[in-house]
Amino acid sequence: MPGTAVSLVLNATYEPLCVVPVRRAAVLVLTDKAVPVTEGDGLLRSTTTIVIAPAVVRLTRFVKVPFRGQVSLTRRAVFARDAGRCAYCTTSATTIDHVIPRSRGGRHVWENVVAACTRCNHIKADRTLAELGWRLRRRPQAPTGVAWRVLGHRTPDPLWRTWLDMPESAAS
């Protein structure tokens, strides 16, 4: 079983809570703190027990979750939001760019940061879109929804689609 395998953890009410390593999910099941909802691929073995790796587990007791704010603004999350494409020319993005340059008072917030290719980022430099005559294809905004709150920039397992309110194409 690869070390990067992960499982989705649901609250007792089937609300998605977080993503944990498969081994942690198996421990939750073995200690009766969770029940498997969907089986994943592979087996976890010990000297005395073999457990089917769970893809989704549900906690047996309700856990109160504090209010969750926005998704953290990271380079990796910006690339995930923009599907790895340059906001200006749609080629493959390699860097991030501030739409209103920081040198001109632009802030480091979701609404001002986009993925960009090196060429467009170099041409734009510290100029505004109006100065270049460029337009954004899509206005940048903070990602929303259960999937973003729980997964962040991770690629979801298709088996989680039911609990994350994702269209079939998003989890493929």
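Structure shown above.
Reference entry: report on the structure contained in this document. (Residues numbered from 1 in each chain as written. Predicted model: local features only at pLDDT ≥ 70, side-chain atom pairs only at ≥ 80, totals over all residues. Heavy atoms only, no water.)

Going through the model one piece at a time under the given rule, you end up with three salt bridges. The partner of arginine 81 in a salt bridge is aspartate 82, with the nearest N and O atoms 2.8 Å apart. The same class applies to arginine 81 and to aspartate 82, which are both buried. (Salt bridge = Lys/Arg side-chain N within 4 Å of Asp/Glu carboxyl O. Buried < 20%, exposed > 50% of the residue type's maximum accessible area, 1.4 Å probe, protein only.)

With that settled, the discussion passes to the packing of aromatic side chains. Applying the stated criterion across every chain, the model contains one aromatic pair. Between tyrosine 88 and tryptophan 134 the ring centres are 5.3 Å apart and the planes differ by 45°, which places this aromatic pair in the tilted class. Placement of the pair is tyrosine 88 in the loop between α2 (75–81) and β5 (95–98) and tryptophan 134 in the loop between α4 (129–132) and α5 (146–151), with a sequence separation of 46 residues. Residue class for tyrosine 88 comes out buried when judged on its relative accessible area of 7%. (Phe/Tyr/Trp six-rings, centres within 6.5 Å; stacked < 30°, edge-to-face > 60°. Helix = DSSP H or I, 4+ residues; strand = E, 2+ residues; numbered from the N terminus.)

Together, Leu43, Ile50 and Ile52 give the surface a local cluster of nonpolar side chains, amounting to about 260 Å² of exposed area. Topologically, isoleucine 50 is positioned in strand β4 (residues 50–59). Look at isoleucine 50 and you get exposed, because its relative accessible area is 54%. (Patch = residues over 30% accessible without salt bridge, like charges linked within 9 Å, V, L, I, M, F, W, Y side chains within 5 Å. Areas by Shrake-Rupley, 256 points an atom, 1.4 Å probe, with all protein chains shown as cover.)

Turning to helix α1 (residues 22–30), its buried residues number three or more, namely Val22, Ala25, Ala26, Leu28 and Val29. The buried residues of α1 occupy an angular sector of 155° when projected down its axis, which confines them to one face. Exposed positions of α1 whose direction lies more than 90 degrees from the buried face are Arg23 and Leu30. Check the buried side of α1 and you find it contacts β1 (6–10), β2 (16–21), β3 (34–45) and β4. (Arc of directions from axis to C-beta. Contact = heavy atoms within 4.5 Å.)

Of note in the backbone geometry, aspartate 32 takes a positive phi value of approximately 60° without being a glycine. On the secondary structure map, aspartate 32 appears in the loop between α1 and β3. A positive phi angle, close to 50°, is found at alanine 125, a residue other than glycine. Under the relative-accessibility criterion, alanine 125 is labelled partly exposed at 42%.

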